[in-house]
Amino acid sequence: MNDYIKSWLKTRNLSLVWLGRAAGVDGSYLCAILNGRRKAGLATLARLETAMGLPQGTLVLMRMKERTDA
């Protein structure tokens, strides 16, 4: 999921700051999530999905798949 978000930002030439603002998520918290130091809650994932224009549940499903693959 973290790599997907990073790739999504890169292909759109958008910054982490942009995503944080668009999603209403603190930039340092978002950075910690993407670097694996923190885990995003369901509400945060929903905000990110909305800001990214993703269908609801997309990031949640990615996170669940990562957990089962680990």
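Model, not experiment: these values are computed from the prediction.

(A) View of the nonpolar core. The biggest cluster of nonpolar side chains holds 17 residues, and the ones touching the most others in it are Ile5, Leu19, Leu30, Leu48, Met52 and Leu59. Counting only elements with at least two residues in this core, the list comes to helix H1 (2-11), helix H2 (16-23), helix H3 (27-34) and helix H4 (42-52). With residues up to four places along the chain from it excluded, the contact list for Leu48 reads Ile5, Leu19, Ala23, Leu30 and Leu59.

(B) Here's a closer look at the side chain of Thr44. For Thr44, the location among the structural elements is in helix H4. If we skip the residues at most four places from it in the chain, Thr44 touches Val25, Tyr29 and Ile33.

(C) Highlighting the packing of H1 against H4. One can describe the packing of H1 onto H4 by two numbers: an axis separation of 12 Å at closest approach and a directional angle of 25°. Judged on the interaxial angle alone, H4 and H1 are roughly parallel. Once H1 is placed against H4, the crossing between them reads as left-handed. In this structure, H1 uses Tyr4, Ile5 and Trp8 to contact H4, whose residues at the interface are Leu48, Ala51 and Met52. When the residues that make up the contact of H1 with H4 are grouped by side-chain class, the tally is 6 nonpolar, no polar and no charged.

(D) Examining the side chain of Glu49 more closely. On the secondary structure map, Glu49 appears in helix H4. Residues contacting Glu49, with those up to four places away along its chain left out, are Leu54, Pro55, Gln56, Gly57, Thr58, Leu59 and Val60.

Basis of the calculations
- Residues numbered from 1 in each chain as written.
- Predicted model: local features only at pLDDT ≥ 70, side-chain atom pairs only at ≥ 80, totals over all residues.
- Heavy atoms only, no water.
- Core = buried A, V, L, I, M, F, W, Y, C linked by side-chain atoms within 4.5 Å.
- Buried < 20%, exposed > 50% of the residue type's maximum accessible area, 1.4 Å probe, protein only.
- Helix = DSSP H or I, 4+ residues; strand = E, 2+ residues; numbered from the N terminus.
- Contact = heavy atoms within 4.5 Å.
- Axes fitted to C-alpha atoms, helices over the stretch in contact; angles between N-to-C directions.
- Parallel < 35°, antiparallel > 145°, perpendicular 65-115°, else oblique.
- Left-handed = near helix turned anticlockwise from the far one by under 90°.
- Nonpolar A, V, L, I, M, F, W, Y, C, P; charged D, E, K, R; others polar.

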